[in-house]
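If you want the building blocks of each chain, they are given just below.
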Amino acid sequence: LRPQHLSGLEVVRDLCDGKLNGGEIGSTEITFTPGKIKGGTHIADTKTAGSVCLLMQVAMPCVLFASSPSELHLKGGTNAEMAPQIDYTVMVFKPIVEKFNFTFNCDIKRRGYYPQGGGEVVIQMSPVKELSPINLTERGTVTKIYGRAFVAGALPIKLAKDMSSAAVRCIRREIRDLYINIQPVREPDDQAVGTGSGIIIVAETSTGCLLAGSSLGKRGKNADKVGIEAAEMLLQNLKHGGTVDDSLQDQLIIFMALAKGVSRVKSGPITLHTQTAIHFAEQLTKAKFTVTKSEEEDPGKDTYIIECQGMGMINPNL
């Protein structure tokens, strides 16, 4: 277990008065016995730059089926490698996942970067009786592209401007006639701990799909390169013709499994994360997933339909 995983387990334990054995860093086996999910106010602190977004992913399905509203104070890294950036969570994950018929509030108190973390995000969420299935199979056409390039701490705003213009130039080569608005920002010093930089770019389509590309700056990495990386990731995600990007794919699986009825999502090639999520969702619920190659696309496109007959979880507390 890493600090990140342990904090996630502890917040779920606290949410439901559960019992956790083997909950220490470096442990290779745990036993978790859940109790009744109560909700309430809970603090989870990785004490590292461990991702607050991953903590949120662990807690959210539980909080939805609690007996009362929850407020989660999640502490750690807000913009970390190998995890969704908080901007992605707010700009892409939130509007799409709310199609399952729930809402949540995400307040970014402080941003925190690698290596020390120190960020804090407050999530407020009320429980639901059940989740509705989603149908995300129509991609539509791209109607706008927007985003933010940020610097914090010791870094000059010029870096953010360089990331932004490099990204715009890169996208322009493929998509010529669309207004692209990537705002360069310097995070206020009282709202950011440490030094960091990065960029997120979102494409919105006529049917309300949101697909993104993002990248983080690090020491010795050219600002143009950061912008280009994010732009290329976005273009890659647009190319496969799915309604979700590669990062959102696996994050929707647990909600599809819990929902009542059939959910359908059109995606690009299935990631290993998604395969893993489907495997465990089927083990742990009565949900049934099928993944089929999408036929109506031109054969050149690598598009799939992820379909799930959800288990129809009912909140016993409401």
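Every value quoted in this text rests on a predicted model; they were computed, and no experiment measured them. (Residues numbered from 1 in each chain as written. Predicted model: local features only at pLDDT ≥ 70, side-chain atom pairs only at ≥ 80, totals over all residues. Heavy atoms only, no water.)

### Remarks on the state of the cysteines
Step number 1: Applying the stated criterion to the full structure yields 0 disulfides.
Step number 2: The thiol of Cys308 is unpaired, and the distance to the nearest cysteine sulfur, on Cys62, comes to 18 Å. (Disulfide = S-S within 2.5 Å.)

### Concerning the UniProt feature "active site" (unreviewed entry) in the protein
Step number 1: The sites that UniProt annotates as "active site" (unreviewed entry) are His273.
Step number 2: Inspection of the secondary structure puts His273 in helix H7 (residues 272–284).
Step number 3: Residue class for His273 comes out exposed when judged on its relative accessible area of 58%. (UniProt positions renumbered as here; feature names shortened; annotations may be inferred. Helix = DSSP H or I, 4+ residues; strand = E, 2+ residues; numbered from the N terminus. Buried < 20%, exposed > 50% of the residue type's maximum accessible area, 1.4 Å probe, protein only.)

### Quick look at the pattern of salt bridges
A side chain with one charge can pair with a side chain of the opposite charge if their charged atoms come near.
Step number 1: Going through the model one piece at a time under the given rule, you end up with 18 salt bridges.
Step number 2: Notably, a salt bridge pairs Arg148 with Asp87, separated by 3.0 Å at the nearest N-O pair. With Arg148 in strand S8 (residues 142–152) and Asp87 in helix H3 (residues 86–97), this residue pair connects regions lying 61 residues apart in the sequence.
Step number 3: Residue classification places Arg148 among the buried positions, given a relative accessible area of 17%.
Step number 4: One salt bridge connects Arg148 with Glu187, and the closest N-O pair in it is separated by 3.0 Å. Here Arg148, found in strand S8, pairs with Glu187, found in the loop between strand S9 (180–186) and strand S10 (192–193); they are 39 residues apart in sequence, far enough to count as distant. Here Arg148 and Glu187 have matching classes, each one buried.
Step number 5: Salt bridges here are not isolated pairs; linked through shared partners, they connect Asp87, Arg111, Arg148 and Glu187. (Salt bridge = Lys/Arg side-chain N within 4 Å of Asp/Glu carboxyl O.)

### Side note on the UniProt feature "binding site: ATP" (unreviewed entry) in the protein
Step number 1: When the UniProt feature table is mapped onto this chain, "binding site: ATP" (unreviewed entry) is found at Gln57.
Step number 2: By the element assignment, Gln57 lies in helix H2 (residues 52–64).
Step number 3: If sequence neighbours within four positions are ignored, Gln57 has contacts with Pro84 and Gln251. (Contact = heavy atoms within 4.5 Å.)

### Focus: the sheet that holds strand S6 (residues 119–125)
Step number 1: Read from one edge of the open sheet, 5 strands run S3-S4-S6-S5-S10, paired in mixed fashion. The strands lining the two open edges of the sheet, one partner per strand, are strand S3 (40–45) and S10.
Step number 2: Here S3 pairs with strand S4 (residues 70–76) via 6 bridges, running parallel. Bridge pairing in S4 places Gly40 opposite Ser70.
Step number 3: Here helix H1 (residues 3–15) sits on the sheet and contacts S3 and S4; the angle it forms with S3, its principal contact strand, is near 165°.
Step number 4: Of the strands in this sheet, strand S5 (104–112) and S6 are in contact with H3, which crosses S5 at around 170°. (Pairing = 2+ DSSP bridges. Axes fitted to C-alpha atoms, helices over the stretch in contact; angles between N-to-C directions.)

### Remarks on the sheet that holds strand S14 (residues 288–293)
Hydrogen bonds between backbone atoms are what pair the strands of a sheet, whose relative direction is either parallel or antiparallel.
Step number 1: Strand order in the open sheet formed by 4 strands is S7-S13-S15-S14, and the pairing between neighbours is mixed. At either end of the open sheet lies a strand with only one pairing partner, and these are strand S7 (135–136) and S14.
Step number 2: Both S7 and strand S13 (residues 262–267) contribute to a ladder of 2 bridges, which runs parallel. What sits directly across from Asn135, in S13, is Arg264.

### Remarks on the pairing of S5
In regular strands, side chains alternate between the two faces of the sheet.
Step number 1: In this sheet, S6 lies alongside S5 in antiparallel orientation, the contact comprising 6 bridges. Within S6, the position partnered with Ile108 by the bridge is Val121.
Step number 2: Following S5, the chain reverses through 6 residues before pairing antiparallel with S6; Gly117 in that reversal takes a positive phi of roughly 70°.
Step number 3: As paired elements, S5 and S10 share 2 bridges and run parallel to each other.

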